[in-house]
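This is what each chain is made of:
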Amino acid sequence: MKKKISWILVVVAILYYVIAYWTVIVADFVPWTRTNFISYDSYINLLDNRSFYASSQFVDEIPEGSSSVKYYCRQVFKKRIVAHSIVLDENMYLKIIENQKEGYRNYGESEACELIYMIDENEKWSINDLKQLVMDDTFLREVMQNQGKQQDYYCLVVISINTTRGICYTGVIANDNTHEMIEFSVEIPDEY
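Presented here is an overview of the structure given in this document.

Here is what the cut-offs are and how they apply
Here the residue index of a chain counts from 1 through its sequence in written order. Where local features are concerned, this predicted model is filtered to residues with pLDDT of at least 70; where side-chain atom pairs are given and counted, the filter is 80 or more; whole-chain, interface and lining totals use all residues. Side-chain metrics rest on all non-hydrogen atoms present in the structure, leaving aside hydrogens and water. Being paired, for any two strands, means DSSP has found at least two bridges between them. Here a strand is any run of E in DSSP of at least two residues, a helix any run of H or I of at least four, and the numbering for each starts at the N terminus. As a rule, the C-alpha atoms of each element are fitted with a line to give its axis, helices using only the stretch in contact, and angles between N-to-C directions run from 0 to 180 degrees. Only the six-membered ring of Trp is used, alongside the rings of Phe and Tyr, when aromatic pairs are assigned; centres must lie within 6.5 Å, and planes under 30 degrees apart are stacked while those over 60 apart are edge-to-face, with the rest tilted. Each residue's exposure class comes from its accessible area (1.4 Å probe, protein chains only) as a fraction of the maximum for that residue type: buried when under 20%, exposed when over 50%, partly exposed otherwise. Only lysine NZ and arginine CZ atoms are considered, and such an atom sits over a ring when it is within 6 Å of the ring centre and within 35 degrees of the ring normal. Working definition: a disulfide is two cysteine sulfur atoms within 2.5 Å of each other. Residues qualify for a patch when their relative accessible area is over 30% and they have no salt bridge, like charges being joined within 9 Å and the nonpolar side chains of Val, Leu, Ile, Met, Phe, Trp and Tyr within 5 Å. Calculation of accessible area relied on Shrake-Rupley with a 1.4 Å probe; when residues are assessed, cover is drawn exclusively from the protein chains displayed. In the sections that follow, a salt bridge refers to a side-chain nitrogen of Lys or Arg positioned within 4 Å of a carboxyl oxygen of Asp or Glu. Put simply, a nonpolar core is a bunch of buried Ala, Val, Leu, Ile, Met, Phe, Trp, Tyr and Cys residues held in one set by side-chain atoms that sit within 4.5 Å of each other. Throughout, a contact is declared for two residues whenever any of their heavy atoms are within 4.5 Å.

### So, the sheet that holds strand β6 (residues 166–175)
An order of β1-β2-β3-β7-β6-β5-β4 is seen for the 7 strands of this open sheet, with the pairing classed as antiparallel. Only two strands of the sheet have a single neighbouring strand rather than two, namely β1 (32–34) and β4 (113–118). Each adjacent strand pair in this sheet contributes to an overall mean axis angle of 10°, direction not counted. Across 3 bridges, β1 lies against strand β2 (residues 68–76) in antiparallel orientation. Within the sheet, the bridge partner assigned to Thr 33 lies in β2 and is Arg 74.

Structure follows, in structure tokens:
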């Protein structure tokens, strides 16, 4: 009986290590997508654990009174795409997008970073303008709260960050009519 229990423990230990190594090593090469998270904290923890670069730029927490949150996280080999949207009340919306714009502006002044676009009264970038960065924007539809009104969404700020893996575009997209904010990050490896 003791040999049978020992054998079962050995098999369980081996399975544990196989699963652990699978998630750490193989997951970087196997495409995966995830859109459901228990909380914003679990979303940020996944990004941090998987070394998604721009999670440090995202809001620290979802404010009280947010009516809806959507997530999108995808890794295709070394290309990483992540976005989330938050619908806020009007006062919180104005405060948060201003804070995020200022944070991106300050971060964009660092050496490894370039401010690609910041909202200008004379010219607003639509989300279609992101294509000029050689960035596929179809993932944004996964987090838009109101896809039918795509023309209401505009870029608030976009930066590029040179990383050891390639280039990372990150930024904020806003919708003043619905008080929705989308934060995104697209990491494109050098090999692409």
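### Observations regarding the packing of aromatic side chains
Evaluated as defined, the whole model comprises 8 aromatic pairs. Ring centres of Phe 37 and Tyr 43 lie 5.2 Å apart, and the angle between their planes is 75°; this geometry places the pair in the edge-to-face category. Across the pair, exposure class does not vary: Phe 37 and Tyr 43 are buried alike. Ring centres 4.6 Å apart and planes at 45° place the aromatic pair Tyr 43 and Tyr 71 in the tilted group. Placement of the pair is Tyr 43 in helix α2 (residues 40–49) and Tyr 71 in strand β2, with a sequence separation of 28 residues. Of the two residues, Tyr 43 and Tyr 71, both sit in the buried class. Linked through ring pairs, Phe 37, Tyr 40, Tyr 43 and Tyr 71 together constitute an aromatic cluster. Between the NZ or CZ atom of Arg 80 and the centre of the ring of Phe 52, over which it lies, the distance is 5.3 Å. Sitting over the ring of Tyr 154, Lys 124 keeps its end group 4.1 Å from the ring centre.

### Description of the state of the cysteines
Summed over the entire model, instances satisfying the criterion amount to 0 disulfides. No disulfide involves Cys 73; its nearest neighbouring cysteine sulfur is the one of Cys 168, lying 12 Å away. Not engaged in a disulfide, the cysteine Cys 168 finds its nearest cysteine sulfur in Cys 113; these two sulfurs lie 9.0 Å apart.

### Structural notes on a nonpolar patch on the surface
The grouping of Trp 7, Ile 8, Val 11, Val 12, Leu 15 and Ile 19 at the surface amounts to a nonpolar patch, some 610 Å² of accessible area in total. Secondary-structure assignment places Ile 8 in helix α1 (residues 2–24). Overall, Ile 8 belongs to the partly exposed group, its relative accessible area being 47%.

### Some details on the nonpolar core
Of all hydrophobic cores here, the largest spans 31 residues; its most connected members are Tyr 40, Tyr 43, Leu 47, Phe 58, Cys 73, Val 82 and Met 181. Those elements that place two or more of their residues in this core are α2, β2, β3 (79–87), α3 (90–108), β4, β5 (154–162) and β6. Apart from residues no more than four positions distant in its own chain, Tyr 40 is found in contact with Phe 58, Val 59, Asp 60, Glu 61, Ile 62, Tyr 71, His 84 and Glu 183. With 22 residues, the next largest nonpolar core counts Tyr 72, Leu 130, Met 135 and Val 143 among its residues.

### A word on the pattern of salt bridges
Where charged atoms from two side chains of opposite charge come close, those side chains can pair. Following the criterion strictly, the structure yields 2 salt bridges and no others. Here Lys 101 makes a salt bridge to Glu 98, at a shortest N to O gap of 3.8 Å. Here the residue Lys 101 and the residue Glu 98 both occupy positions in helix α3, the gap between them amounting to 3 residues, near one helical turn. Lys 101 gets classed as buried once you look at its relative accessible area, which sits at 15%.

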